[in-house]
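The residues making up each chain are set out below.
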Amino acid sequence: MSTMRATTRRRARWATRAGAITVTALLATLAIWTFPVGNVAAAPPALGAASGTAPVPWAYGNLTTENVTWPATHGMYEGYATYGFSVILNQTNTSPTTYSLSEKQTVGAQINLTYCRPSCEAPVVTEQYSYRAWETWNDVTNFTTVVSVTLHDGLSVSAVGITGSNASSAANVTEQLTVGRNGSVRLIDQLFASASTRFSLEFTPALGLFPLNLTLGASWMASAAFTAVGSWESAYLSASAHGPTGSSQSRGNLSGSGIATLDGTDRGGLLLSHQGLTQVALHLGVLPTLGTVGFRAGFDLMDGFAILPHVGNLLQSSSTAGWASRAMSNTTATTSLADLGPRSGGGPESFIASAWSYSTAISSPDPTSSGGASTVQGAPLTPAEAGSTSSCLEGTVACATTGSNPTTPTFGGSGALPIAFLGIGTVAIAVIVGGLLIAQRRRIPPPIYPNAALYPPGGSRTGAVAPDEPPGG
(Lines give C-alpha, C1' and ligand atoms only; values in the text may rest on other atoms or scores of the structure.)
Protein backbone atom coordinates (compact mmCIF):
# COMPACT_ATOMS: atom_id res chain seq x y z
CA MET A 1 0.00 0.00 0.00
CA SER A 2 2.80 2.44 0.91
CA THR A 3 4.54 1.64 -2.40
CA MET A 4 1.33 2.46 -4.25
CA ARG A 5 0.96 5.81 -2.43
CA ALA A 6 4.58 6.70 -3.21
CA THR A 7 4.04 5.88 -6.89
CA THR A 8 0.90 8.02 -6.92
CA ARG A 9 2.78 10.95 -5.37
CA ARG A 10 5.60 10.65 -7.95
CA ARG A 11 3.07 10.62 -10.79
CA ALA A 12 1.36 13.71 -9.32
CA ARG A 13 4.70 15.54 -9.14
CA TRP A 14 5.56 14.63 -12.73
CA ALA A 15 2.06 15.68 -13.83
CA THR A 16 2.58 19.08 -12.19
CA ARG A 17 5.98 19.48 -13.87
CA ALA A 18 4.59 18.37 -17.21
CA GLY A 19 1.79 20.91 -16.84
CA ALA A 20 4.31 23.63 -16.07
CA ILE A 21 6.37 22.73 -19.12
CA THR A 22 3.22 22.79 -21.25
CA VAL A 23 2.30 26.22 -19.87
CA THR A 24 5.80 27.51 -20.63
CA ALA A 25 5.71 26.18 -24.17
CA LEU A 26 2.27 27.64 -24.75
CA LEU A 27 3.33 31.03 -23.41
CA ALA A 28 6.39 31.02 -25.63
CA THR A 29 4.31 30.02 -28.66
CA LEU A 30 1.78 32.76 -27.96
CA ALA A 31 4.57 35.27 -27.52
CA ILE A 32 6.02 34.42 -30.92
CA TRP A 33 2.71 34.36 -32.76
CA THR A 34 0.87 37.10 -30.90
CA PHE A 35 3.20 40.08 -31.11
CA PRO A 36 3.80 41.68 -34.50
CA VAL A 37 7.42 41.79 -35.60
CA GLY A 38 9.01 43.87 -38.32
CA ASN A 39 5.98 45.50 -39.94
CA VAL A 40 6.69 49.07 -38.85
CA ALA A 41 9.56 50.94 -40.44
CA ALA A 42 11.11 54.25 -39.53
CA ALA A 43 9.58 57.41 -40.93
CA PRO A 44 10.82 58.37 -44.41
CA PRO A 45 12.94 61.49 -44.82
CA ALA A 46 11.36 64.90 -45.20
CA LEU A 47 10.29 66.02 -48.63
CA GLY A 48 11.88 69.04 -50.28
CA ALA A 49 15.39 70.23 -50.91
CA ALA A 50 17.68 70.95 -48.01
CA SER A 51 18.99 74.46 -47.49
CA GLY A 52 22.58 73.31 -47.99
CA THR A 53 23.51 73.44 -44.31
CA ALA A 54 23.57 70.31 -42.19
CA PRO A 55 20.81 70.41 -39.52
CA VAL A 56 21.96 70.58 -35.91
CA PRO A 57 19.81 68.54 -33.51
CA TRP A 58 18.44 69.83 -30.24
CA ALA A 59 16.56 68.02 -27.50
CA TYR A 60 14.41 68.34 -24.42
CA GLY A 61 12.69 66.17 -21.84
CA ASN A 62 12.78 65.26 -18.17
CA LEU A 63 12.60 62.35 -15.76
CA THR A 64 11.20 62.28 -12.23
CA THR A 65 11.14 59.48 -9.66
CA GLU A 66 8.74 59.85 -6.77
CA ASN A 67 8.39 58.01 -3.48
CA VAL A 68 4.68 57.15 -3.43
CA THR A 69 2.20 55.95 -0.82
CA TRP A 70 -1.18 55.22 -2.35
CA PRO A 71 -4.12 54.16 -0.15
CA ALA A 72 -6.29 51.29 -1.36
CA THR A 73 -9.69 50.00 -0.34
CA HIS A 74 -8.33 47.39 2.08
CA GLY A 75 -4.62 48.15 2.28
CA MET A 76 -1.77 50.34 1.06
CA TYR A 77 0.68 50.59 -1.88
CA GLU A 78 4.18 51.86 -1.20
CA GLY A 79 7.14 52.19 -3.55
CA TYR A 80 8.39 54.27 -6.48
CA ALA A 81 6.87 55.77 -9.63
CA THR A 82 9.05 57.09 -12.46
CA TYR A 83 7.56 59.26 -15.21
CA GLY A 84 9.41 60.91 -18.07
CA PHE A 85 9.87 61.71 -21.75
CA SER A 86 12.56 62.74 -24.21
CA VAL A 87 12.54 64.46 -27.60
CA ILE A 88 15.28 64.87 -30.22
CA LEU A 89 14.57 67.27 -33.10
CA ASN A 90 16.22 68.25 -36.38
CA GLN A 91 15.02 71.16 -38.52
CA THR A 92 15.57 71.39 -42.28
CA ASN A 93 14.61 74.53 -44.20
CA THR A 94 13.13 73.60 -47.57
CA SER A 95 12.20 77.10 -48.83
CA PRO A 96 11.87 80.64 -47.44
CA THR A 97 8.38 79.74 -46.15
CA THR A 98 8.58 75.98 -45.52
CA TYR A 99 10.62 73.69 -43.29
CA SER A 100 10.44 70.19 -41.80
CA LEU A 101 11.04 68.79 -38.32
CA SER A 102 12.24 65.24 -37.83
CA GLU A 103 11.56 63.92 -34.36
CA LYS A 104 12.39 60.95 -32.16
CA GLN A 105 10.31 60.90 -29.00
CA THR A 106 9.83 58.46 -26.13
CA VAL A 107 7.37 58.80 -23.27
CA GLY A 108 7.00 56.26 -20.48
CA ALA A 109 6.33 55.23 -16.92
CA GLN A 110 7.86 52.70 -14.50
CA ILE A 111 6.14 51.70 -11.26
CA ASN A 112 7.43 49.35 -8.55
CA LEU A 113 5.20 48.85 -5.51
CA THR A 114 4.68 46.68 -2.48
CA TYR A 115 1.04 46.07 -1.61
CA CYS A 116 0.36 45.56 2.11
CA ARG A 117 -2.85 44.58 3.88
CA PRO A 118 -3.96 46.12 6.13
CA SER A 119 -0.83 48.30 6.34
CA CYS A 120 2.88 48.09 5.57
CA GLU A 121 3.74 48.67 9.24
CA ALA A 122 1.96 45.45 10.29
CA PRO A 123 1.20 43.52 7.09
CA VAL A 124 -0.76 40.29 7.01
CA VAL A 125 -0.45 40.04 3.22
CA THR A 126 2.28 41.53 0.98
CA GLU A 127 2.46 41.39 -2.80
CA GLN A 128 4.91 42.86 -5.32
CA TYR A 129 3.63 44.83 -8.31
CA SER A 130 5.73 46.09 -11.24
CA TYR A 131 4.65 48.08 -14.29
CA ARG A 132 6.44 49.51 -17.30
CA ALA A 133 4.89 51.30 -20.25
CA TRP A 134 6.48 53.27 -23.06
CA GLU A 135 5.73 54.68 -26.47
CA THR A 136 8.30 55.74 -29.02
CA TRP A 137 7.75 57.35 -32.40
CA ASN A 138 9.69 58.75 -35.33
CA ASP A 139 8.03 61.39 -37.45
CA VAL A 140 8.82 63.97 -40.09
CA THR A 141 6.39 66.88 -40.09
CA ASN A 142 6.32 69.49 -42.85
CA PHE A 143 5.50 73.10 -41.91
CA THR A 144 4.61 76.31 -43.70
CA THR A 145 4.36 79.94 -42.61
CA VAL A 146 1.92 80.76 -45.43
CA VAL A 147 -1.26 79.85 -43.54
CA SER A 148 -3.62 81.62 -41.15
CA VAL A 149 -5.61 80.99 -37.97
CA THR A 150 -8.74 82.81 -36.80
CA LEU A 151 -8.60 84.67 -33.47
CA HIS A 152 -11.56 84.64 -31.09
CA ASP A 153 -12.59 88.10 -32.33
CA GLY A 154 -12.82 86.81 -35.92
CA LEU A 155 -9.58 88.36 -37.16
CA SER A 156 -7.46 86.15 -39.45
CA VAL A 157 -3.71 86.32 -38.79
CA SER A 158 -0.61 84.70 -40.28
CA ALA A 159 0.44 81.49 -38.58
CA VAL A 160 2.63 78.41 -38.55
CA GLY A 161 0.86 75.37 -39.97
CA ILE A 162 1.28 71.71 -40.89
CA THR A 163 1.05 70.55 -44.49
CA GLY A 164 1.63 66.85 -43.78
CA SER A 165 3.63 64.26 -41.88
CA ASN A 166 5.01 60.73 -42.08
CA ALA A 167 5.44 58.68 -38.92
CA SER A 168 5.90 55.26 -37.31
CA SER A 169 5.32 54.33 -33.70
CA ALA A 170 5.63 51.43 -31.27
CA ALA A 171 4.28 51.00 -27.75
CA ASN A 172 4.46 48.41 -24.97
CA VAL A 173 2.83 47.76 -21.58
CA THR A 174 4.21 45.08 -19.24
CA GLU A 175 2.95 44.41 -15.71
CA GLN A 176 3.39 41.63 -13.15
CA LEU A 177 2.02 40.77 -9.71
CA THR A 178 3.64 38.19 -7.40
CA VAL A 179 3.07 37.09 -3.80
CA GLY A 180 5.45 35.56 -1.26
CA ARG A 181 4.40 32.78 1.10
CA ASN A 182 6.70 31.07 3.61
CA GLY A 183 9.85 31.97 1.74
CA SER A 184 8.51 31.06 -1.72
CA VAL A 185 7.14 33.24 -4.48
CA ARG A 186 4.03 32.63 -6.56
CA LEU A 187 3.06 34.40 -9.75
CA ILE A 188 -0.43 35.86 -9.58
CA ASP A 189 -0.87 37.74 -12.83
CA GLN A 190 1.03 39.05 -15.86
CA LEU A 191 0.07 41.15 -18.85
CA PHE A 192 1.95 42.09 -22.02
CA ALA A 193 0.46 44.45 -24.63
CA SER A 194 1.94 46.03 -27.74
CA ALA A 195 0.89 48.31 -30.59
CA SER A 196 2.58 49.69 -33.68
CA THR A 197 1.61 52.03 -36.54
CA ARG A 198 2.94 53.41 -39.80
CA PHE A 199 1.09 56.19 -41.60
CA SER A 200 1.15 59.49 -43.48
CA LEU A 201 -1.13 62.53 -43.32
CA GLU A 202 -1.78 65.30 -45.84
CA PHE A 203 -3.70 68.51 -45.03
CA THR A 204 -5.57 70.61 -47.62
CA PRO A 205 -5.05 73.49 -47.01
CA ALA A 206 -2.39 73.49 -44.30
CA LEU A 207 -3.66 73.18 -40.72
CA GLY A 208 -2.77 76.30 -38.71
CA LEU A 209 -1.08 75.70 -35.33
CA PHE A 210 -0.37 79.10 -33.75
CA PRO A 211 0.02 82.74 -34.87
CA LEU A 212 3.41 83.99 -36.00
CA ASN A 213 2.97 86.84 -33.52
CA LEU A 214 1.75 85.48 -30.20
CA THR A 215 -0.18 87.65 -27.75
CA LEU A 216 -0.76 86.84 -24.08
CA GLY A 217 -4.26 85.51 -23.51
CA ALA A 218 -5.09 85.21 -27.20
CA SER A 219 -7.05 82.20 -28.42
CA TRP A 220 -7.53 80.94 -31.95
CA MET A 221 -8.86 78.14 -34.10
CA ALA A 222 -8.15 76.55 -37.46
CA SER A 223 -9.48 73.70 -39.57
CA ALA A 224 -8.42 71.74 -42.63
CA ALA A 225 -9.43 68.67 -44.59
CA PHE A 226 -7.01 65.77 -44.40
CA THR A 227 -6.41 62.26 -45.66
CA ALA A 228 -4.48 59.44 -44.02
CA VAL A 229 -2.90 56.26 -45.36
CA GLY A 230 -1.27 53.65 -43.17
CA SER A 231 -1.64 50.53 -41.03
CA TRP A 232 -1.71 49.47 -37.37
CA GLU A 233 -1.22 46.32 -35.30
CA SER A 234 -1.88 45.50 -31.66
CA ALA A 235 -1.70 42.41 -29.46
CA TYR A 236 -1.84 41.28 -25.87
CA LEU A 237 -1.06 38.19 -23.80
CA SER A 238 -2.14 37.65 -20.19
CA ALA A 239 -1.10 34.79 -17.92
CA SER A 240 -1.34 33.52 -14.37
CA ALA A 241 0.52 30.80 -12.48
CA HIS A 242 -1.72 28.23 -14.15
CA GLY A 243 -1.12 29.38 -17.71
CA PRO A 244 -2.40 31.85 -20.30
CA THR A 245 -5.65 33.61 -19.43
CA GLY A 246 -6.16 35.47 -22.67
CA SER A 247 -4.53 36.61 -25.89
CA SER A 248 -5.48 38.50 -29.01
CA GLN A 249 -3.96 40.05 -32.12
CA SER A 250 -5.56 42.72 -34.30
CA ARG A 251 -4.47 44.70 -37.32
CA GLY A 252 -6.00 47.05 -39.82
CA ASN A 253 -5.61 50.03 -42.10
CA LEU A 254 -5.55 53.75 -41.28
CA SER A 255 -7.09 54.93 -44.53
CA GLY A 256 -9.67 57.68 -44.63
CA SER A 257 -10.47 61.35 -44.86
CA GLY A 258 -11.98 63.92 -42.55
CA ILE A 259 -11.86 67.39 -41.09
CA ALA A 260 -9.31 68.36 -38.44
CA THR A 261 -9.97 71.29 -36.11
CA LEU A 262 -7.45 72.87 -33.77
CA ASP A 263 -8.04 75.17 -30.81
CA GLY A 264 -5.16 77.10 -29.25
CA THR A 265 -4.49 79.50 -26.37
CA ASP A 266 -1.48 81.62 -25.43
CA ARG A 267 -0.96 80.85 -21.73
CA GLY A 268 1.78 83.44 -21.25
CA GLY A 269 5.46 83.43 -20.40
CA LEU A 270 7.41 80.57 -18.85
CA LEU A 271 10.91 80.95 -17.38
CA LEU A 272 12.74 77.70 -18.05
CA SER A 273 16.44 77.47 -17.15
CA HIS A 274 17.68 80.88 -18.29
CA GLN A 275 15.25 81.18 -21.19
CA GLY A 276 12.00 83.07 -21.44
CA LEU A 277 9.49 80.94 -23.36
CA THR A 278 5.85 81.22 -24.41
CA GLN A 279 3.56 78.36 -23.43
CA VAL A 280 0.65 77.51 -25.70
CA ALA A 281 -2.14 74.98 -25.16
CA LEU A 282 -3.25 73.13 -28.30
CA HIS A 283 -6.12 70.67 -28.76
CA LEU A 284 -6.79 68.65 -31.92
CA GLY A 285 -10.21 67.35 -32.90
CA VAL A 286 -10.92 64.95 -35.76
CA LEU A 287 -14.25 64.50 -37.55
CA PRO A 288 -13.94 61.51 -39.90
CA THR A 289 -16.06 61.63 -43.04
CA LEU A 290 -14.89 58.34 -44.51
CA GLY A 291 -12.43 55.76 -43.25
CA THR A 292 -11.52 52.47 -41.63
CA VAL A 293 -12.12 51.54 -37.99
CA GLY A 294 -8.62 52.60 -36.96
CA PHE A 295 -8.97 55.93 -38.75
CA ARG A 296 -12.35 56.65 -37.14
CA ALA A 297 -10.82 56.10 -33.68
CA GLY A 298 -9.14 59.48 -34.16
CA PHE A 299 -5.70 61.03 -33.79
CA ASP A 300 -3.83 62.62 -30.87
CA LEU A 301 -1.70 65.78 -31.00
CA MET A 302 1.59 65.31 -29.14
CA ASP A 303 3.94 68.11 -28.07
CA GLY A 304 2.20 70.68 -30.21
CA PHE A 305 2.81 69.20 -33.66
CA ALA A 306 3.24 65.38 -33.75
CA ILE A 307 0.05 63.55 -34.74
CA LEU A 308 -0.44 59.88 -33.74
CA PRO A 309 -3.38 57.55 -34.35
CA HIS A 310 -5.30 56.79 -31.17
CA VAL A 311 -5.55 53.09 -32.02
CA GLY A 312 -1.78 52.65 -31.46
CA ASN A 313 -1.43 55.01 -28.51
CA LEU A 314 -1.40 52.76 -25.43
CA LEU A 315 -0.57 55.54 -22.94
CA GLN A 316 -3.23 58.01 -24.02
CA SER A 317 -6.07 55.82 -22.72
CA SER A 318 -6.23 52.06 -22.40
CA SER A 319 -9.83 52.04 -21.17
CA THR A 320 -11.13 51.12 -24.62
CA ALA A 321 -8.39 48.59 -25.46
CA GLY A 322 -9.26 44.92 -25.75
CA TRP A 323 -6.88 44.00 -22.92
CA ALA A 324 -8.09 46.73 -20.52
CA SER A 325 -10.32 44.37 -18.54
CA ARG A 326 -7.28 42.14 -17.81
CA ALA A 327 -4.99 45.01 -16.78
CA MET A 328 -4.17 45.44 -13.10
CA SER A 329 -3.69 49.19 -13.47
CA ASN A 330 -4.06 52.02 -15.93
CA THR A 331 -1.48 54.77 -16.47
CA THR A 332 -2.20 57.58 -18.91
CA ALA A 333 0.22 60.17 -20.26
CA THR A 334 -1.16 63.23 -22.04
CA THR A 335 0.28 66.48 -23.31
CA SER A 336 -1.37 69.64 -24.62
CA LEU A 337 1.26 72.23 -23.67
CA ALA A 338 4.10 73.30 -25.96
CA ASP A 339 6.84 75.74 -24.87
CA LEU A 340 8.01 77.98 -27.71
CA GLY A 341 11.25 79.92 -27.91
CA PRO A 342 11.62 83.46 -29.31
CA ARG A 343 11.62 84.03 -33.05
CA SER A 344 14.92 84.13 -34.90
CA GLY A 345 14.90 86.70 -37.67
CA GLY A 346 11.78 86.26 -39.77
CA GLY A 347 11.25 82.65 -38.77
CA PRO A 348 8.61 81.20 -36.45
CA GLU A 349 8.94 80.35 -32.78
CA SER A 350 10.85 77.14 -32.06
CA PHE A 351 9.74 74.12 -30.03
CA ILE A 352 11.98 74.20 -26.94
CA ALA A 353 10.07 72.03 -24.44
CA SER A 354 6.68 70.65 -23.41
CA ALA A 355 4.88 69.31 -20.34
CA TRP A 356 3.31 65.86 -19.83
CA SER A 357 0.65 64.90 -17.29
CA TYR A 358 0.60 61.36 -15.87
CA SER A 359 -2.12 59.58 -13.94
CA THR A 360 -2.02 56.08 -12.40
CA ALA A 361 -4.86 54.07 -10.91
CA ILE A 362 -4.63 50.44 -9.73
CA SER A 363 -7.62 48.09 -9.86
CA SER A 364 -6.04 44.79 -8.73
CA PRO A 365 -5.34 43.28 -6.26
CA ASP A 366 -6.94 46.17 -4.35
CA PRO A 367 -8.33 49.29 -6.03
CA THR A 368 -6.58 52.54 -5.16
CA SER A 369 -8.87 55.17 -3.74
CA SER A 370 -6.94 58.01 -5.37
CA GLY A 371 -3.89 56.69 -7.22
CA GLY A 372 -1.21 59.09 -8.35
CA ALA A 373 -0.95 62.11 -10.64
CA SER A 374 2.16 63.99 -11.69
CA THR A 375 3.14 66.66 -14.22
CA VAL A 376 6.62 66.51 -15.74
CA GLN A 377 7.84 69.80 -17.19
CA GLY A 378 10.44 69.29 -19.90
CA ALA A 379 13.69 71.22 -20.07
CA PRO A 380 16.44 71.54 -22.70
CA LEU A 381 18.77 68.51 -22.87
CA THR A 382 21.65 67.45 -25.04
CA PRO A 383 20.77 64.77 -27.61
CA ALA A 384 22.94 62.31 -25.66
CA GLU A 385 20.96 62.99 -22.47
CA ALA A 386 17.68 62.59 -24.34
CA GLY A 387 18.91 59.29 -25.76
CA SER A 388 19.80 58.05 -22.27
CA THR A 389 16.36 59.03 -20.98
CA SER A 390 14.72 57.18 -23.85
CA SER A 391 16.71 54.00 -23.18
CA CYS A 392 15.93 54.25 -19.47
CA LEU A 393 12.18 54.51 -20.10
CA GLU A 394 12.25 51.58 -22.51
CA GLY A 395 14.19 49.55 -19.96
CA THR A 396 17.15 48.77 -22.22
CA VAL A 397 19.61 50.38 -19.77
CA ALA A 398 19.58 51.57 -16.18
CA CYS A 399 18.77 55.24 -15.79
CA ALA A 400 21.98 57.27 -15.99
CA THR A 401 23.16 60.57 -14.59
CA THR A 402 23.11 63.72 -16.68
CA GLY A 403 25.56 63.67 -19.55
CA SER A 404 26.25 59.94 -19.70
CA ASN A 405 25.60 57.92 -22.82
CA PRO A 406 23.50 54.77 -23.01
CA THR A 407 25.40 51.51 -23.36
CA THR A 408 22.71 50.08 -25.63
CA PRO A 409 21.40 51.88 -28.74
CA THR A 410 17.99 53.48 -28.36
CA PHE A 411 15.21 51.54 -30.06
CA GLY A 412 13.63 54.72 -31.36
CA GLY A 413 15.60 54.52 -34.61
CA SER A 414 13.54 51.67 -35.99
CA GLY A 415 9.89 51.03 -35.48
CA ALA A 416 10.42 47.27 -35.78
CA LEU A 417 12.86 46.86 -32.92
CA PRO A 418 10.61 47.66 -29.95
CA ILE A 419 8.05 45.07 -31.03
CA ALA A 420 10.76 42.47 -31.62
CA PHE A 421 12.20 43.28 -28.21
CA LEU A 422 8.74 42.75 -26.71
CA GLY A 423 8.40 39.33 -28.30
CA ILE A 424 11.82 38.23 -27.05
CA GLY A 425 11.10 39.59 -23.59
CA THR A 426 7.81 37.75 -23.44
CA VAL A 427 9.46 34.45 -24.33
CA ALA A 428 12.02 35.01 -21.60
CA ILE A 429 9.32 35.76 -19.04
CA ALA A 430 7.40 32.70 -20.16
CA VAL A 431 10.43 30.62 -19.21
CA ILE A 432 10.44 32.36 -15.83
CA VAL A 433 6.77 31.47 -15.38
CA GLY A 434 7.57 27.82 -15.99
CA GLY A 435 10.51 28.01 -13.61
CA LEU A 436 8.28 29.43 -10.89
CA LEU A 437 5.78 26.67 -11.39
CA ILE A 438 8.42 23.94 -11.31
CA ALA A 439 10.61 25.33 -8.54
CA GLN A 440 7.89 26.86 -6.30
CA ARG A 441 10.58 27.55 -3.69
CA ARG A 442 12.74 29.93 -5.70
CA ARG A 443 13.43 33.09 -3.78
CA ILE A 444 12.62 36.43 -5.38
CA PRO A 445 14.98 39.37 -4.76
CA PRO A 446 13.63 42.68 -3.47
CA PRO A 447 12.27 45.00 -6.18
CA ILE A 448 15.00 46.94 -7.98
CA TYR A 449 14.49 50.66 -8.38
CA PRO A 450 17.34 51.77 -10.69
CA ASN A 451 16.43 55.43 -10.33
CA ALA A 452 16.32 55.55 -6.53
CA ALA A 453 19.99 56.42 -5.97
CA LEU A 454 20.14 58.82 -8.91
CA TYR A 455 16.94 60.70 -8.30
CA PRO A 456 15.93 60.98 -4.61
CA PRO A 457 12.22 60.54 -3.84
CA GLY A 458 10.29 63.60 -4.89
CA GLY A 459 13.20 64.94 -6.94
CA SER A 460 13.57 65.48 -10.64
CA ARG A 461 16.36 65.71 -13.11
CA THR A 462 16.93 68.74 -15.27
CA GLY A 463 19.60 68.32 -17.86
CA ALA A 464 22.15 70.76 -19.20
CA VAL A 465 20.83 73.72 -21.14
CA ALA A 466 20.95 73.57 -24.91
CA PRO A 467 21.63 76.68 -27.02
CA ASP A 468 19.01 79.42 -26.63
CA GLU A 469 17.70 78.93 -30.13
CA PRO A 470 17.68 75.72 -32.12
CA PRO A 471 18.69 75.90 -35.76
CA GLY A 472 16.31 76.90 -38.43
CA GLY A 473 13.98 79.77 -38.99
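On a predicted model such as this, the values are computed, not experimentally measured, just so you know.

Draft legend 1. Inspection of the overall build of the protein chain at higher detail. Each helix and strand counted, the protein chain has four helices and 17 strands in total. When each of the 473 residues of the protein chain is scored for burial, the buried share is 51%. Counting only contacts in the protein chain whose residues sit at least 6 apart along the sequence, the fraction spanning at least 24 positions is 71%.

Draft legend 2. Representation of the pattern of salt bridges within the structure. Following the criterion strictly, the structure yields one salt bridge and no others. Between Glu-233 and Arg-251 there is a salt bridge, with its nearest N and O atoms 3.8 Å apart. Placement of Glu-233 in strand E7 (residues 219-240) and of Arg-251 in strand E8 (residues 243-253) is noted, with a sequence separation of 18 residues between them. On the basis of relative accessibility, which here comes to 9%, the residue Glu-233 falls in the buried class. Under the relative-accessibility criterion, Arg-251 is labelled exposed at 54%.

Draft legend 3. How the structure looks around the state of the cysteines. For the structure on display, the rule yields one disulfide. Between the sulfur atoms of Cys-116 and its disulfide partner Cys-120 the distance amounts to 2.1 Å. For the disulfide bridge between Cys-116 and Cys-120, the dihedral angle about the S-S bond is near 95 degrees, and by the sign convention the bridge is right-handed. For Cys-116, a relative accessible area of 4% puts it in the buried group.

Draft legend 4. Looking closely at the pairing of strand E11 (residues 299-302). A two-sided burial pattern is seen for E11, the buried positions comprising Phe-299 and Leu-301 on one face and Asp-300 and Met-302 on the other. Where E11 meets strand E12 (residues 306-309), four bridges bridge the pair, whose relative direction is antiparallel. Counted as the bridge partner of Leu-301 is Ile-307 from E12. Hairpin connection from E11 to E12: three residues lie between these consecutive antiparallel strands, with Asp-303 at a positive phi of about 60 degrees.

Draft legend 5. Representation of the pairing of strand E10 (residues 275-291). Both strand E9 (residues 256-272) and E10 contribute to a ladder of 16 bridges, which runs antiparallel. Among the inter-strand pairings, Gly-258 is bridged to a residue of E10, identified as Pro-288. Where E9 hands over to E10, the hairpin turn is made up of two residues, of which Ser-273 adopts a positive phi near 55 degrees.

Draft legend 6. Fine view of the nonpolar core. Judged by nonpolar contacts, the single largest core of 85 residues is most densely connected at Trp-70, Phe-143, Trp-220, Phe-305 and Phe-351. Broken down by element, the residue count for this core peaks at ten residues, all from strand E6 (residues 184-211).

Draft legend 7. Local environment of helix H3 (residues 383-394). Look at H3: 17 Å from first C-alpha to last across twelve residues, which is about the 16 Å you get at 1.5 Å a residue. Among the twelve residues that make up H3, ten are buried, leaving the element largely enclosed by the rest of the structure. All buried positions along H3 are accounted for by Glu-385, Ala-386, Gly-387, Ser-388, Thr-389, Ser-390, Ser-391, Cys-392, Leu-393 and Glu-394.

Draft legend 8. Spatial organisation of the packing of aromatic side chains. Counted under the stated rule, the structure contains 15 aromatic pairs. Measuring from centroid to centroid gives 4.9 Å for Tyr-77 and Tyr-115, while their planes differ by 40 degrees, and the two rings are tilted. Of this pair, Tyr-77 sits in strand E2 (residues 76-95) while Tyr-115 sits in strand E3 (residues 98-117), placing them 38 residues apart in sequence. Judged by relative accessible area, Tyr-115 falls into the buried class, the value being 2%. Through successive ring pairs, a cluster of aromatic residues spans Tyr-99, Phe-143, Phe-210, Phe-305 and Phe-351.

Reading guide: rules and limits
Residues numbered from 1 in each chain as written. Predicted model: local features only at pLDDT ≥ 70, side-chain atom pairs only at ≥ 80, totals over all residues. Heavy atoms only, no water. Helix = DSSP H or I, 4+ residues; strand = E, 2+ residues; numbered from the N terminus. Buried < 20%, exposed > 50% of the residue type's maximum accessible area, 1.4 Å probe, protein only. Contact = heavy atoms within 4.5 Å. Salt bridge = Lys/Arg side-chain N within 4 Å of Asp/Glu carboxyl O. Disulfide = S-S within 2.5 Å. Pairing = 2+ DSSP bridges. Core = buried A, V, L, I, M, F, W, Y, C linked by side-chain atoms within 4.5 Å. Expected span 1.5 Å × (residues − 1). Phe/Tyr/Trp six-rings, centres within 6.5 Å; stacked < 30°, edge-to-face > 60°.

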